Amino acid sequence: MSTPATRRTALVTGAGRGLGRAVCEALAGLGHQVIVAGRDERGVQRVAAACGGDALAVELDVTDGASVRRCFEQVKAVDILVNNAGVLLDGGTSPASVPLELVERHLQVNTLGAWRMSQAFLPGMLAQGWGRIVMVSSGAGAFSNGLFAGAPAYAVSKVALNAVTVLLAAEARDRGVLVNAVNPGRVRTRMYPDAEQTPQEAATDVVWAATLPDDGLTGVFLRSRRQIPW
């Protein structure tokens, strides 16, 4: 359990179910205040109720600038931002045939959504001299893995998300804010219903990155609490 001196406020996007819910519950279990954010108003309210304490539910669409501004105005500042919201809609397509509208959708949610949220909350973290931003990424978007051609829009959006991670981390370096990407692996969610790993198991790596000590890693790609190649 966190002591009052180390208690943080954490905002998790895409938190109405799956991995996002598990991350919220884990952070709340450590004593942090959790802001449960997502498009499904009833879903985030259920998760906030399950987290208990002073958990707050916020309706949020990361692709909508006005929605992000309303979220910011409601919560003002956070210490931890977990950019978990994401989509995978192009499984089984190929780079030569995937509809570019699908590519745009993946970029809007997976990349620009996280970037938009980070732009909203990073300045406050820098001003207070402490913050953690975690991008929930994927091995599908790592050149070291070999980009996954069976979901090309998803892969490209995660490559771009990894690039945003590096850029934001460089801007925040030595200013008290750590920015990292986490590859949680395949997680048993609506996206991967047959995956062996539970959301609760995957959440441990995300929470670890969200609560790194002040001398922790930044600007890196993490898997199982270890830095891995991009």
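Because the structure is a prediction, the values reported are computed rather than measured.

Scoring rules and cut-offs
Residues numbered from 1 in each chain as written. Predicted model: local features only at pLDDT ≥ 70, side-chain atom pairs only at ≥ 80, totals over all residues. Heavy atoms only, no water. Helix = DSSP H or I, 4+ residues; strand = E, 2+ residues; numbered from the N terminus. Buried < 20%, exposed > 50% of the residue type's maximum accessible area, 1.4 Å probe, protein only. Contact = heavy atoms within 4.5 Å. Expected span 1.5 Å × (residues − 1). Axes fitted to C-alpha atoms, helices over the stretch in contact; angles between N-to-C directions. Parallel < 35°, antiparallel > 145°, perpendicular 65-115°, else oblique. Left-handed = near helix turned anticlockwise from the far one by under 90°. Nonpolar A, V, L, I, M, F, W, Y, C, P; charged D, E, K, R; others polar. Pairing = 2+ DSSP bridges.

### Brief notes about the side chain of S157
Then, in step 1: Positionally, S157 belongs in helix α5 (residues 152–172).
Then, in step 2: A residue is classified by how much of its surface remains accessible, and S157, at 0% relative accessible area, is buried.
Then, in step 3: Non-local contacts of S157, meaning those with residues more than four positions away in its chain, are made with H106, L107, N110 and T111.

### As for helix α1 (residues 18–29)
Side chains three or four residues apart in an α-helix point the same way, a direct result of the helix having 3.6 residues per turn.
Then, in step 1: Over its 12 residues, α1 extends 17 Å from the first C-alpha to the last, a length consistent with the 16 Å expected when each residue adds 1.5 Å.
Then, in step 2: Residues L19, G20, A22, V23, C24, L27 and A28 constitute the buried set of α1.
Then, in step 3: Tucked inside the fold, the buried residues of α1 contact β1 (9–12), β2 (33–38), α2 (41–51), β4 (80–83), β5 (131–136) and α6 (199–210).
Then, in step 4: In the stretch just after α1, G31 is the one whose phi turns positive, near 100°.

### What to know about unusual backbone geometry
Then, in step 1: Here D174, not a glycine, exhibits a phi torsion of approximately 65°, which is positive.
Then, in step 2: Here D174 is to be found in the loop between α5 and β6 (177–182).
Then, in step 3: With a phi close to 65°, R225 is a non-glycine residue in the positive phi region.

### Observations concerning the environment of V177
Then, in step 1: Its location among the elements puts V177 in strand β6.
Then, in step 2: Each C-alpha atom, one on V177 and one on A127, is 10.0 Å from the other, the two residues being 50 residues apart in sequence.

### What to know about the packing of α1 against α2
Then, in step 1: The N-to-C vectors of α1 and α2 enclose an angle of 25°; their axes lie 9 Å apart at closest approach. Between α1 and α2, the angle is such that the two are roughly parallel. When you trace α1 past α2, the crossing you get is right-handed. Where α1 abuts α2, its residues R21, C24, E25 and A28 lie against V47, A50 and C51.
Then, in step 2: Looking at the contact of α1 with α2 residue by residue, the class counts come to five nonpolar, no polar and two charged.

### Remarks on helix α4 (residues 100–128)
Then, in step 1: Over its 29 residues, α4 extends 41 Å from the first C-alpha to the last, a length consistent with the 42 Å expected when each residue adds 1.5 Å.
Then, in step 2: Immediately downstream of α4, the backbone of G129 shows phi near 75°, a positive value.

### Things to note about the sheet that holds β2
Then, in step 1: Taken in spatial order, the eight strands of this open sheet run β3-β2-β1-β4-β5-β6-β7-β8, and their pairing is mixed. Here the strands that pair on one side only, and so sit at the sheet edges, are β3 (56–59) and β8 (226–228). The sheet shows a mean angle of 25° between the axes of neighbouring strands, taken without regard to direction.
Then, in step 2: Of the strand pairs in this sheet, strand β7 (residues 221–223) and β8 are connected by three bridges, and their pairing is antiparallel. Among the inter-strand pairings, R223 is bridged to a residue of β8, identified as R226.
Then, in step 3: Sheet contacts for α1: β1, β2, β4 and β5; angle to β1, the most-contacted strand, approximately 170°.
Then, in step 4: Sitting on the sheet, α6 is in contact with β4, β5, β6 and β7, with an inclination near 150° to β5.

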